[in-house]
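# Understanding the architecture of this molecule
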Amino acid sequence: MKKARSRRRPTTAGAGLAPFAACAESGRGRQYPEPTHAWRGEFQRDRDRVIHSGGFRRLVYKTQVFINHEGDLYRTRLTHSLEVAQIARTVARALHLNEDLAEAIALAHDLGHPPFGHAGEAALDECMKPWGGFEHNLQSLRLVDELEDRYLAFAGLNLCFETREGILKHCSRRNARRLGAVGERFLLRQQPGLEAQVVNLADEIAYNNHDVDDGLRSGLLSEQALEAVPLFRRHHVPLLDAHPAASRRALIHETIRGMINEVVSDMVATTAANIAAHAPASIDEVRALTAPLVALSPATRTAHRALKRFLHRHLYRHERVLHLTSRAQEMLKELFACYMNSPEAMPVEHAMRALLQESECGEAGRARAVADYLAGMTDRYALSEYRRLVDATADFGQQQHA
Ligand code: MG
């Protein structure tokens, strides 16, 4: 990573922050006011609440690209979230943004992801079409706002506005209208704070790079094929030439390390230049801009996108990945139908919630309770429920060894 300019480092959250960084003291606060903590800042408390949530623990058995049963060395949503947090914190610190907030958003950003990755999300969205669909970002917010049952005084985690704003990365205008203040920016076409913008880009950088690693590990990608991608080639080929006897694992790691460093360094430099050009005096001035300030330079964006396209073509749409994900989608759809027909097949608190919501808003209420239950499942729990309710012998086929 490029060295940050040698300005004084903030030692505590709040101190040493740039004027355009989020600051809890002047922030929009929590829905239910709470007394401040003796030594923990508000965004630090949010980060801690996310880490202690049930949703966060379940990320360990949720898929990123590979189904969770495939091997122990692939990324899961948990390790992905930690990698996003690492990049986001690095960038936040370099730009004098609020590191605690960036970390809280990063750790929470995928909480609402259903089992089986994006395939699971698409299946659940299809099941929920008649009742408003399913979006994982919205579900992450729903989890921290309503579903986590950990406090006596309120439902959810009562996170600060700025954390919730960062979690809601995308949102349809239809959904934004019913979300109140946190949905407003999608209607006004405004930006979130810089910490949220940092996490958005850190998310992409993290998965682009770790999917190269997992893709190589799985054997679905090869170094030879990846050399068609300029970003990979310019880090990998010189290393190969300089270290012909090095282990394959070390060469791959050094290549990916170089790729992450190049893109993140560009992100810091480009964003710092954008900030200097616009000179926002506050987070509200950042929000009012028509485009995000956190960005990559045109050349790096092109390189980063070329890698993304390569992964789409050769990894996410690989025959074996598609086979697994279509099987996973069938399972989720069948489970959805099972619980819709027999809500009592869910654990009692979910069955009760289905009943209650149905009495309030009809079938849509029952469907939302079923979707919430399914979205909370890990890959392996979804498979075990499928075996219990539909087919006792179901599996994904051959286990792959990492
Ligand atoms: Mg993510």
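Residues numbered from 1 in each chain as written. Predicted model: local features only at pLDDT ≥ 70, side-chain atom pairs only at ≥ 80, totals over all residues. Heavy atoms only, no water.

### Concerning the overall build of the chain
When you go through the chain residue by residue, the secondary structure sums to 19 helices and 0 strands. The globule rule puts the C-alpha radius of gyration for 402 residues at 21 Å, and the 22 Å found for the chain is close to it. Each principal axis of the C-alpha atoms in the chain carries an extent, and together these give about 60 × 55 × 35 Å. With 402 residues in all, the chain has 52% of them scored as buried. (Helix = DSSP H or I, 4+ residues; strand = E, 2+ residues; numbered from the N terminus. Rg over C-alpha atoms; globule rule 2.2 N^0.38 Å. Buried < 20%, exposed > 50% of the residue type's maximum accessible area, 1.4 Å probe, protein only.)

### Description of the confidence of the model for the chain
Across the chain, pLDDT averages 92, with 93% of residues at or above 70. In this model residues 398-402 is a low-confidence stretch, pLDDT under 50, and it forms 9 contacts with partners more than four residues away in sequence or in other chains. (pLDDT = per-residue confidence, 0-100. Contact = heavy atoms within 4.5 Å.)

### Quick notes on the packing of helix α17 (residues 348-361) against helix α18 (residues 363-375)
Following both chains from N to C, one finds α17 and α18 inclined at 150°, their axes separated by 6 Å at the closest point. The angle between α17 and α18 falls in the class roughly antiparallel. For α17 against α18, the interelement crossing comes out right-handed. Along its contact with α17, which presents His350, Arg353, Ala354, Gln357, Glu358 and Cys361, the element α18 presents Glu363, Ala364, Gly365, Arg366, Arg368, Ala369 and Tyr373. (Axes fitted to C-alpha atoms, helices over the stretch in contact; angles between N-to-C directions. Parallel < 35°, antiparallel > 145°, perpendicular 65-115°, else oblique. Left-handed = near helix turned anticlockwise from the far one by under 90°.)

### So, the packing of aromatic side chains
According to the stated counting rule, one finds 5 aromatic pairs in the structure shown. Considering the side-chain rings of Tyr32 and Phe154, the 5.5 Å spacing of their centres and the 10° angle between planes classify their relative orientation as stacked. Of this pair, Tyr32 sits in the segment before α1 (42-51) while Phe154 sits in the loop between α6 (136-147) and α7 (161-167), and the two are 122 residues apart along the sequence. Its relative accessible area of 11% is what places Phe154 among the buried residues. Judged by centre distance (5.3 Å) and plane angle (70°), the ring pair of Tyr339 and Tyr373 falls under edge-to-face. Pair noted here: Tyr339 is in helix α16 (residues 319-341) and Tyr373 is in helix α18, with a separation of 34 residues, a long-range link. Per residue, the accessibility class of Tyr339 equals that of Tyr373, and both read buried. Connected via pairs of aromatic rings, a cluster forms that spans Tyr32, Tyr151 and Phe154. Between Arg380 and the ring centre of Tyr61, over which it is positioned, the NZ or CZ distance is 3.6 Å. (Phe/Tyr/Trp six-rings, centres within 6.5 Å; stacked < 30°, edge-to-face > 60°. Lys NZ or Arg CZ within 6 Å of the ring centre and 35° of its normal.)

### Some thoughts on empty space enclosed by the protein
All chains considered together, the criterion is met by 4 cavities of 30 Å³ or more. Put simply, the largest cavity is a space of about 60 Å³. Considering only residue class, the lining of the largest cavity consists of 4 nonpolar, 2 polar and 2 charged. (1 Å grid on protein atoms, 1.4 Å probe; cavity = no way out; pocket = protein on both sides within 12 Å on 5 of 7 lines; lining within 4 Å. Points joined across faces, edges and corners; volume = space filled by probe spheres on them. Nonpolar A, V, L, I, M, F, W, Y, C, P; charged D, E, K, R; others polar.)

### Some points on the environment of Arg233
Considering the arrangement of structural elements, one finds Arg233 in helix α12 (residues 230-242). Along the chain, Arg233 and Gly156 lie 77 residues apart, while their C-alpha atoms are 46 Å from each other. Contact partners of Arg233, with chain neighbours within four places excluded, come to Glu227, Ala228 and Pro238. There is a polar contact of 2.8 Å between the side chain of Arg233 and the backbone oxygen of Glu227. (Polar contact = N/O pair within 3.5 Å; in protein donor to acceptor, adjacent residues only side chain to side chain.)

### Focus on the nonpolar core
Counting 78 residues, the largest nonpolar core has Val212 and Leu226 as the members making the most contacts within it. A total of 11 residues in this core trace back to one element, the largest contributor, which is helix α10 (residues 194-218). Within the second largest apolar cluster, 30 residues are counted, among which are Cys127, Leu335, Ala354 and Ala367. (Core = buried A, V, L, I, M, F, W, Y, C linked by side-chain atoms within 4.5 Å.)

### Notes on α17
The first and last C-alpha atoms of α17 sit 20 Å apart over 14 residues, in line with the 20 Å expected at 1.5 Å per residue. For α17, the set of buried residues is Ala351, Ala354 and Gln357. Each buried residue of α17 lies within a common arc of 130° when the element is viewed along its axis, so the set occupies one face. Exposed side chains of α17 directed beyond 90 degrees from the buried face belong to Val348, Glu349, Met352, Leu355, Ser359 and Glu360. Looking at the buried residues of α17, the elements they touch are α6 and α18. Count one or two residues on from α17 and you reach Gly362, which has phi positive near 65°. (Expected span 1.5 Å × (residues − 1). Arc of directions from axis to C-beta.)

### Section: the coordination of the magnesium ion
The protein atoms donating to the magnesium ion are His80 (NE2), His109 (NE2), Asp110 (OD) and Asp203 (OD), with metal-donor distances spanning 2.1 to 2.7 Å. Owing to a relative accessible area of 3%, Asp110 belongs among the buried residues under this scheme. (Donors = N, O, S within 2.8 Å, 3.2 Å for Na, K, Ca; no water.)

### Thoughts on α18
Over its 13 residues, α18 extends 18 Å from the first C-alpha to the last, a length consistent with the 18 Å expected when each residue adds 1.5 Å. Burial of α18 is extensive: 11 of the 13 residues sit out of reach of the surface. The set of residues buried in α18 consists of Gly365, Arg366, Ala367, Arg368, Ala369, Val370, Ala371, Asp372, Tyr373, Leu374 and Ala375. The elements touched by buried residues of α18 are α5 (117-127), α6, α16, α17 and α19 (379-389).

### Some details on the pattern of salt bridges
Pairs can form between side chains of opposite charge once their charged atoms are near each other. Inspection of every chain in the model, using the stated rule, returns 34 salt bridges. Ionic pairing is found between Glu42 and Arg30, a salt bridge with its closest N-O pair at 2.7 Å. Taken together, the residues span a long stretch of sequence, with Glu42 in helix α1 and Arg30 in the segment before α1 at a distance of 12 residues. Since its relative accessible area comes to 15%, Glu42 is described here as buried. What makes Arg30 buried here is its relative accessible area of 13%. Lys169 is the salt-bridge partner of Asp203, the closest N and O atoms lying 3.1 Å from each other. Of this pair, Asp203 sits in helix α10 while Lys169 sits in the loop between α7 and α8 (173-177), placing them 34 residues apart in sequence. For Lys169, a relative accessible area of 22% gives the class partly exposed. (Salt bridge = Lys/Arg side-chain N within 4 Å of Asp/Glu carboxyl O.)

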